[in-house]
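So you can see what is in the structure, the chains are spelled out below.
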Amino acid sequence: QVLACREALQTAYANGDKKQICFAMSDLGFAFFRVRKYKDGLEMLDEAIELANELDDRHVLARSLGVKVTAYQDADRLPDAFKIAQEILALAEQHDDPAIKCDALASQAQIMMASGDMDTANKLIEEARSAADASDDKRRLMNVMGAMGHIALAGASSDKALRHFEKALKLAR
């Protein structure tokens, strides 16, 4: 996967599309994390975030930060993942963007679930649901419903989880 991501980055550089370069850098950084080359991964992820800041496009920045959150989660660095998700949340609040806010809160909820803090996970996922409703984005609401189902399962509430998964499936259809 690292090789394919390197090729994608080279292609993005050849095309000169800074947004695609940023996405390719993020993908390469994540690929490095997957093969436990954390130093290389962090360097690439941070370079992508720096480029996203230069582009002055909050959606590109949120995506780049989101990839870093996922990389940290996969590496079981939950406090670092939560901190980066907090940066995304601040970005969302700065721009009054409920879609980005939804994604940040859902990430934080999943991080708290993974760390075993189910009360905070439930609180955050409810906030994410409110933000998804405010964004009027059915895909985001579907994702939040799925996350609510996973959190309910982790809390040993299978009936509640099933209801959330059914709502997610209905939205997916």
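Here the structure is a predicted model, which means the values were calculated and not measured. (Residues numbered from 1 in each chain as written. Predicted model: local features only at pLDDT ≥ 70, side-chain atom pairs only at ≥ 80, totals over all residues. Heavy atoms only, no water.)

Engineer: I tried to follow the pattern of salt bridges on my own but got confused; where do I start?
Structural biologist: If the charged atoms of two oppositely charged side chains come close together, the side chains can form a pair. Across all of its chains, the model carries 10 salt bridges by this definition. A salt bridge links Lys-19 to Asp-57, with the shortest nitrogen-to-oxygen separation between them at 3.6 Å. Of this pair, Lys-19 sits in helix H2 (residues 18-34) while Asp-57 sits in the loop between helix H3 (38-55) and helix H4 (58-74), and the two are 38 residues apart along the sequence. Its relative accessible area of 23% is what places Asp-57 among the partly exposed residues. Residue Asp-97 pairs with Arg-58 through a salt bridge whose shortest N-O separation is 2.9 Å. With Asp-97 in the loop between helix H5 (78-94) and helix H6 (98-115) and Arg-58 in helix H4, the pair connects residues that are 39 residues apart, well separated along the chain. Taking the relative accessible area as the measure of exposure, Arg-58 reaches 30% and is therefore partly exposed. (Salt bridge = Lys/Arg side-chain N within 4 Å of Asp/Glu carboxyl O. Helix = DSSP H or I, 4+ residues; strand = E, 2+ residues; numbered from the N terminus. Buried < 20%, exposed > 50% of the residue type's maximum accessible area, 1.4 Å probe, protein only.)

Engineer: How should I be thinking about helix H7 (residues 118-135) in this particular structure?
Structural biologist: Think of an α-helix as 3.6 residues a turn; residues three or four steps apart then line up on the same face. With 18 residues, H7 should cover 26 Å at 1.5 Å per step; its first-to-last C-alpha distance of 25 Å lies within 8% of that length. Taken together, the buried positions of H7 are occupied by Met-118, Ala-121, Leu-124, Ile-125, Ala-128, Ala-131, Ala-132 and Ser-135. For H7, the arc enclosing every buried residue in end-on projection is 135°, short of the 170-degree limit, so these residues lie on one face. More than 90 degrees from the buried face of H7, the exposed residues found are Asp-119, Lys-123 and Ala-134. Looking at the buried side of H7, the elements it contacts are H5, H6 and helix H8 (138-154). (Expected span 1.5 Å × (residues − 1). Arc of directions from axis to C-beta. Contact = heavy atoms within 4.5 Å.)

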